[in-house]
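Now for the letters of each chain:
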Amino acid sequence: SPAAGLSAAFNLGMREPALGGDASAFTFTFVTRAHLPLGRFGHVLSFRLGGGLAGGDPGARSVFSLGGVPQQDLLSDLLNQTSAGAVWLRGFDEAAFQGTRFGLLTGEWRFPLLRVRSGVGTLPIFFEDLSAAIFSDVGGASYDPNLGDDLVAGVGAELRFRMELWFGVLYDFRLGYAHGFGDSGGDHVYFMMAGAP
């Protein structure tokens, strides 16, 4: 995963009858990331802030969904070379929160554990790096203008490793535990094929 630098992106989508649309609606989303190296041993503080706002005609505007780690058919995703999204509000049920606005702040301390860089005999399996992350997620989704009243938080830890399978295809895996605070939170253990947030 990235070890230094800043990045930002935003997206604005609009529908308007005057421009040929069937309704009046807009969706705005953004994401910013910052990675701060800690010393010479590969430790990194990583932060990600993302959010979105949707408006317009009630029947046409988008609804955001925010929640924990989704269900994944690991075998199917391996065969199709696809993976789950990388960003969740860990410690809560999938799609636990919905609304026309959302925000999610993730902070992680990432550090390497082992650089394997070797295979298993003649099998098409090559192990890359093993790392860990201790994280905290704070976020929420709401239909109300004041998103701050709906924020929840979760904490946890993950082991992450990368494998090269089938002679050239790289896959990222995450084994994690997350605890969500509050009435809607819980304890979750998960194993996913997904990159770092």
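Predicted, not measured: the structure shown is a model, and the values here were computed from it. (Residues numbered from 1 in each chain as written. Predicted model: local features only at pLDDT ≥ 70, side-chain atom pairs only at ≥ 80, totals over all residues. Heavy atoms only, no water.)

Student: Sorry, what's going on with the overall build of the protein here?
Tutor: When helices and strands are counted, the protein shows one helix and 10 strands. The N-to-C order of helical and strand elements in the protein reads β-β-β-β-α-β-β-β-β-β-β. On the principal axes, the C-alpha backbone points of the protein span a range of 60 × 35 × 30 Å. Relative to its 197 residues, the protein shows a buried fraction of 35%. Residue pairs in contact within the protein that sit at least 24 positions apart in sequence constitute 58% of those at least 6 positions apart. With an accessible surface of roughly 10,900 Å², the protein has 61% of that area assigned to carbon and sulfur atoms. Both charge centroids of the protein, one from 13 positive and one from 19 negative side chains, sit 10 Å from each other. (Helix = DSSP H or I, 4+ residues; strand = E, 2+ residues; numbered from the N terminus. Buried < 20%, exposed > 50% of the residue type's maximum accessible area, 1.4 Å probe, protein only. Contact = heavy atoms within 4.5 Å. Areas by Shrake-Rupley, 256 points an atom, 1.4 Å probe, with all protein chains shown as cover. Lys, Arg positive; Asp, Glu negative; His and termini not counted. Charge placed at Lys NZ, Arg CZ, Asp CG, Glu CD.)

Student: When you look at a nonpolar patch on the surface in this model, what are you seeing that I'm missing?
Tutor: Together, Phe10, Leu12, Met14, Phe26, Phe28, Phe30, Leu49, Leu53, Leu105, Val138 and Leu151 make up a nonpolar patch on the protein surface, roughly 970 Å² of accessible area in all. Along the chain, the position of Phe26 falls in strand β2 (residues 25-38). (Patch = residues over 30% accessible without salt bridge, like charges linked within 9 Å, V, L, I, M, F, W, Y side chains within 5 Å. Salt bridge = Lys/Arg side-chain N within 4 Å of Asp/Glu carboxyl O.)

Student: Is there a simple way to think about unusual backbone geometry in this case?
Tutor: Note: most residues except glycine have negative phi, and most peptide bonds are trans. In this model, Ala95 sits at a positive phi of 55 degrees, which is unusual for a non-glycine residue. With respect to the helices and strands, Ala95 occurs in the loop between α1 (74-80) and β5 (97-99). Take Ala95: its relative accessible area is 36%, and that puts it in the partly exposed class.

Student: Would you take a moment to explain the nonpolar core for this structure?
Tutor: Side chains that are nonpolar tend, in soluble globular proteins, to be buried together. Within the largest apolar cluster, 10 residues are counted, these being Ala54, Phe64, Leu66, Leu89, Phe92, Phe97, Phe102, Leu104, Ala141 and Val152. If you list the elements that add at least two residues to this core, you get β4 (64-66) and β6 (101-119). The next biggest cluster of nonpolar side chains, apart from the first, holds eight residues, and it includes Ala84, Trp88, Phe135 and Ala178. (Core = buried A, V, L, I, M, F, W, Y, C linked by side-chain atoms within 4.5 Å.)

Student: Help me understand the pattern of salt bridges in this model?
Tutor: Oppositely charged side chains are able to pair whenever their charged atoms sit close together. For the structure shown, the criterion picks out nine salt bridges. A salt bridge links Asp137 to Arg90, with the shortest nitrogen-to-oxygen separation between them at 2.7 Å. Here Arg90 lies in the loop between α1 and β5 and Asp137 lies in strand β7 (residues 125-142), a separation of 47 residues in the sequence. We note that Asp137, like Arg90, is buried. Glu158 serves as the salt-bridge partner of Arg174, at 3.0 Å between the closest nitrogen and oxygen. Taken together, the residues Arg174 in strand β9 (residues 169-180) and Glu158 in strand β8 (residues 152-165) connect sequence positions 16 residues apart. Among the charged side chains, a salt-bridge network with shared partners connects Arg90, Glu108, Arg110, Asp137, Glu158, Arg160 and Arg174.

Student: Can you walk me through the side chain of Arg174 in this structure?
Tutor: Of the residues examined, Arg174 reaches a relative accessible area of 0% and is grouped as buried. A distance of 3.0 Å separates polar atoms of two side chains, one belonging to Arg174 and the other to Glu158. Here the side chain of Arg174 touches Gly195 through a polar contact of 2.5 Å, landing on its backbone oxygen. (Polar contact = N/O pair within 3.5 Å; in protein donor to acceptor, adjacent residues only side chain to side chain.)

Student: Please explain the packing of aromatic side chains as it appears in this structure.
Tutor: Each aromatic ring pair is described using two quantities: the centre-to-centre distance and the angle formed by the ring planes. All chains considered together, the criterion is met by nine aromatic pairs. Ring centres of Phe161 and Phe173 lie 5.2 Å apart, and the angle between their planes is 20 degrees; on these two criteria the pair is classed as stacked. Of the two residues, Phe161 is situated in strand β8 and Phe173 in strand β9; the sequence distance between them amounts to 12 residues. Judged by its relative accessible area of 6%, Phe173 is buried. Across from the ring centre of Phe135, 3.6 Å away, lies the NZ or CZ of Arg90, which sits over that ring. (Phe/Tyr/Trp six-rings, centres within 6.5 Å; stacked < 30°, edge-to-face > 60°. Lys NZ or Arg CZ within 6 Å of the ring centre and 35° of its normal.)

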